[in-house]
Amino acid sequence: MNILNIPQANPDPLADTITASATPILQQLQDLLTALRVNAQGRPELETLSQQLDRRYLDVDESITRGTMHLHYASQNLHALLTLMQSCPEDSTLNCDQIVTLLEPVRQELQAGHRLVCSVM
């Protein structure tokens, strides 16, 4: 719990496992695509497949990168809002309309990030 009585998230063991991996999954995929490209030379059907997979890889990479940026912006905005709310004097109150106005950009960033990440799943 923090000062606003908001429970803190529990650490995610799966995220720890992925983070601890020696080579990121997208890097592994890129390495495999490079190997395919090298081995596909002179074989038109494999060259075409390699080009299609390269384009899909770039689409996935872009969506994940942009989605992650939106989630990062939302996280920064939430941190700023929590800091603002924690520094408010105890006799000061925020009404619901003010809170909604402050949270709307966070909602938009989360929604955009979620949409981009889901587009690759």
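Further up the page is the structure itself.
Numbering of residues starts from 1 in each chain and follows the order in which that chain's sequence is written. Residues qualify for local features only when their pLDDT is at least 70, as the model is predicted, and side-chain atom pairs are given and counted only at 80 or more; totals for whole chains, interfaces and linings, by contrast, use all residues. The side-chain numbers reported here are obtained from all heavy atoms of the structure, hydrogens and water having been left aside.

A. Layout of the overall build of the protein. Helix and strand assignments come from DSSP, with helices taken as H or I runs of at least 4 residues and strands as E runs of at least 2, each series counted from the N terminus. For the protein, the helix and strand inventory stands at 4 helices and 0 strands. In the protein, the order of α-helices and β-strands from amino to carboxyl end is α-α-α-α. Working rule for contacts: check all heavy atoms of both residues, and any pair within 4.5 Å makes them a contact. Considering only intrachain contacts with a sequence separation of at least 6, the fraction spanning at least 24 residues in the protein is 67%. Reported accessibility uses the Shrake-Rupley method at a 1.4 Å probe radius. Residues are deemed covered only where the shown protein chains occlude them. Of the roughly 9400 Å² that the protein leaves accessible, carbon and sulfur atoms contribute 60%.

B. Examining helix α4 (residues 96–118) more closely. Taking 1.5 Å of rise per residue, 23 residues should cover 33 Å, and α4 covers 31 Å from first to last C-alpha, within 8% of that figure. When accessible area is computed with a 1.4 Å probe and restricted to protein chains, residues below 20% of their type maximum are described as buried, those above 50% as exposed, and intermediate ones as partly exposed. Regarding α4, the residues found buried are V106, E109, A112, G113 and L116. Each residue after the first adds 1.5 Å to the expected span of a helix.

C. Representation of the pattern of salt bridges within the structure. We define a salt bridge as a contact between a side-chain nitrogen of Lys or Arg and a carboxyl oxygen of Asp or Glu at a distance within 4 Å. Counting across every chain of the model gives 5 salt bridges. Across the pair R66 and E62 runs a salt bridge whose closest N-O atoms are separated by 4.0 Å. Of this pair, R66 and E62 both sit in helix α3 (residues 44–87), separated by 4 residues, roughly a single helical turn. For E62, a relative accessible area of 44% corresponds to the partly exposed category. Salt-bridge contacts for R107 lead to E104; the nearest nitrogen and oxygen are separated by 2.6 Å. Of this pair, R107 and E104 both sit in helix α4, 3 residues apart, roughly one helical turn.

D. Structural view of the packing of helix α2 (residues 25–39) against α3. Axis lines are fitted to C-alpha atoms, over the contacting stretch for helices. Their N-to-C directions set the angle, which ranges from 0 to 180 degrees. Direction vectors running N to C along α2 and α3 enclose 165 degrees, while the axes themselves pass 10 Å from each other. Between α2 and α3, the interaxial angle falls into the category roughly antiparallel. Both α2 and α3 take part in a crossing whose hand is left-handed. Seen from α2, the contacting residues are L26, L29, Q30, L33, L36 and R37; seen from α3, they are S50, L53, D54, Y57, V60, D61 and I64. Counted by class, the contact of α2 with α3 contains 8 nonpolar, 2 polar and 3 charged residues. Note on angle classes: values under 35 degrees are labelled roughly parallel, values over 145 roughly antiparallel, values of 65 to 115 roughly perpendicular, and the remainder oblique. For any helix crossing, the convention is left-handed if the near helix is rotated counterclockwise from the far helix by under a right angle, and right-handed if that rotation is clockwise. Gly counts as polar in this scheme, as do all residues outside two lists: the nonpolar Ala, Val, Leu, Ile, Met, Phe, Trp, Tyr, Cys and Pro, and the charged Asp, Glu, Lys and Arg.

E. Quick look at the packing of α3 against α4. One can describe the packing of α3 onto α4 by two numbers: an axis separation of 8 Å at closest approach and a directional angle of 160 degrees. Judged on the interaxial angle alone, α4 and α3 are roughly antiparallel. The crossing of α3 and α4 is left-handed. Of the residues in α4, those touching α3 at S63, R66, G67, H70, L71, Y73, A74, N77, L78, L81 and L84 are L102, L103, V106, E109, L110, A112, G113, L116 and V117. The residue makeup of the contact of α3 with α4, split by class, is 13 nonpolar, 5 polar and 2 charged.

F. Representation of a nonpolar patch on the surface within the structure. Taken together, L84, L94 and L102 make up a surface patch of nonpolar side chains, about 210 Å² in accessible area. As for its position among the elements, L84 is in helix α3. A patch consists of residues whose relative accessible area exceeds 30% and which take part in no salt bridge; residues with like charges are grouped when within 9 Å of each other, and nonpolar side chains (Val, Leu, Ile, Met, Phe, Trp, Tyr) when within 5 Å.

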